[in-house]
Amino acid sequence: MKSKKTIVRELKSLVGLMRLGLLLAAMVLTAGCSGGGDDPGSSGSGSGSGSGSGPSNPGGGEVSTPIAFSAQQQEDSTVTRANSDTPLETYVKSFKVYGFKTTSTDALQTVFPGYIVNFVENSANTSTTNTDGWEYVNQQPLGQEEQTIKYWDMSAKAYRFFGVAGATRTNEVTGEEETVGGVRRYKVTYTADAYAENETPYYSHLWYSDNPEATYGQAVQLQFIKPLSKVRFMFTFEDPTKAKETTLTSKSFRPYDGTTIKMRGDVTVSYPQSGTDIAESFSANGEAEGLTALTIDYYESVTKKTIEGENVVISPYYKAEETPLSKVYTVLPAAGQGAYTLTVSVNGEPKSTVVPAQYMDWLPGYFYTYIFKIHVDGSVTIDNVQSAFTPWTDHSATHTVYNW
């Protein structure tokens, strides 16, 4: 017969084995239920903030691809060449990204709830989530929830990404979800200030894809835009030989109805999360005050060395050397602002012309040029209106003018 001490030892061993078995079972159960696929260690589809495929194991299975980002500041599509978009890090080195996916069961799930993405010099291809120098893993501000790696869900019906770059404590971006006409949207709102361009954040176009084979697994390239517009007006002459002897004074390009040209206000960008829309919508709410008129026209002077070895100003303007050069106005985007009136005194005689309302809508990120022609009889007409999406460059840059 076993002694009492022997029986106690065997019972303790049995209890230890039972505890170990329960612990292993709990670990297996937890591994099978955690995450949803966009997060590390998850598999299959599920609810919450992610679904899709988790990392593969050494024994085989599906290989998961981490989501990574690339960011550009968009240039004019009519003049750019391959790979000519300006890297966003030239202007700002951080943006906040939002990402959503539509699952195979048509459920909408949040993948990126406003992650901070930072540009780190010389870091491209140093991690699976950093292909172009932009990293989001563990980039969260101090005291906030850890930003973890996210994986593509190849079974998802669609993905939508967008971002805001260059926000500051004095100009914070607010975001909220809403449903309009049965369509779920996420809208971001902040202040755009034409008087303080560098302090005005960028927003991105919506990145959308429902094509897993073509785009899932590739770095998401977001294209960012300033929520401001650029405008200039200029004069040409029917008879160029009359330019140097023609004086143009009292120049004014202004709204026909007497309202102001808006320079500052709140802008709202709405991104669809469902439905058939695959592009964002933009609106601006300008403050009451603004410019009453644009009063300085744009032109470019060049210098030419004379035989005597001196430089002289060559320009289609009387006393051009006394006039500001290359004047470009930065303004708040505007829609439905109506017609504009151009008035100018030609050799002391007041002249005017009207630009129809159809040419006076200003989109964010676009550069608008209004060209007026001075005729031999002294009259003035609108000669040409040009618009193009432009890189957000310094005002001193040369902007080519066509149809001069």
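Please refer to the structure placed before this passage.
A brief structural summary. All values reported here derive from a predicted model rather than from experimental measurement.

This part covers the environment of N171. Secondary-structure assignment places N171 in the loop between β6 (158-165) and β7 (174-180). When the C-alpha positions of N171 and P201 are compared, they lie 8.1 Å apart, and in sequence the two are 30 residues distant. Discounting chain neighbours no more than four positions away, the residues touching N171 are Y190, T191, E199, T200 and P201. Side-chain polar atoms of N171 contact the backbone oxygen of T191, separated by 2.8 Å.

What follows covers the sheet that holds strand β15 (residues 264-272). Taken in spatial order, the four strands make up an open sheet running β7-β8-β15-β16, and their pairing is antiparallel. A single partner strand is all that each edge strand has here, and the edge strands are β7 and β16 (281-286). The sheet shows a mean angle of 25 degrees between the axes of neighbouring strands, direction not considered. Relative to strand β8 (residues 183-193), β7 runs antiparallel, the two sharing seven bridges. From the neighbouring strand, E177 faces β8, where its bridge partner is Y186.

A word on the packing of aromatic side chains. Under the counting rule described, the total for this entry stands at 35 aromatic pairs. Over the ring of Y298 we find R232, and its NZ or CZ is 4.3 Å from the ring centre. The residue whose ring lies beneath K327 is Y329, and the NZ or CZ to ring-centre distance is 4.7 Å.

For the rest of this paragraph, the subject is the environment of D193. Positionally, D193 belongs in strand β8. Given a relative accessible area of 16%, D193 falls into the buried group. In this structure, the C-alpha to C-alpha distance between D193 and D266, residues 73 residues apart in sequence, is 8.7 Å. A distance of 2.9 Å separates the side chain of D193 from the backbone nitrogen of Y195, its partner in a polar contact.

To continue, consider the pairing of strand β22 (residues 349-355). Consecutive side chains of a regular strand alternate in pointing toward one face of the sheet and then the other. Pairing geometry for strand β21 (residues 340-346) and β22, over seven bridges, is antiparallel. Of the residues in β22, the one forming a bridge with Y340 is V355.

Per the counting criterion, the structure on display carries 13 salt bridges. Between K157 and D106 there is a salt bridge, with its nearest N and O atoms 2.8 Å apart. On the criterion of sequence distance, the pair formed by K157 in the loop between β5 (134-135) and β6 and D106 in the loop between β3 (94-102) and β4 (108-119) is long-range, its members being 51 residues apart. A relative accessible area of 40% places K157 in the partly exposed class. Classification of D106 as exposed rests on a relative accessible area of 52%. K187 serves as the salt-bridge partner of E178, at 3.4 Å between the closest nitrogen and oxygen. In this structure, a network of salt bridges that share partners links the residues E176, E178 and K187.

Criteria and cut-off values
Residues numbered from 1 in each chain as written. Predicted model: local features only at pLDDT ≥ 70, side-chain atom pairs only at ≥ 80, totals over all residues. Heavy atoms only, no water. Helix = DSSP H or I, 4+ residues; strand = E, 2+ residues; numbered from the N terminus. Contact = heavy atoms within 4.5 Å. Polar contact = N/O pair within 3.5 Å; in protein donor to acceptor, adjacent residues only side chain to side chain. Pairing = 2+ DSSP bridges. Axes fitted to C-alpha atoms, helices over the stretch in contact; angles between N-to-C directions. Phe/Tyr/Trp six-rings, centres within 6.5 Å; stacked < 30°, edge-to-face > 60°. Lys NZ or Arg CZ within 6 Å of the ring centre and 35° of its normal. Buried < 20%, exposed > 50% of the residue type's maximum accessible area, 1.4 Å probe, protein only. Salt bridge = Lys/Arg side-chain N within 4 Å of Asp/Glu carboxyl O.

Remember, this is a structural readout, not a statement about activity or role.
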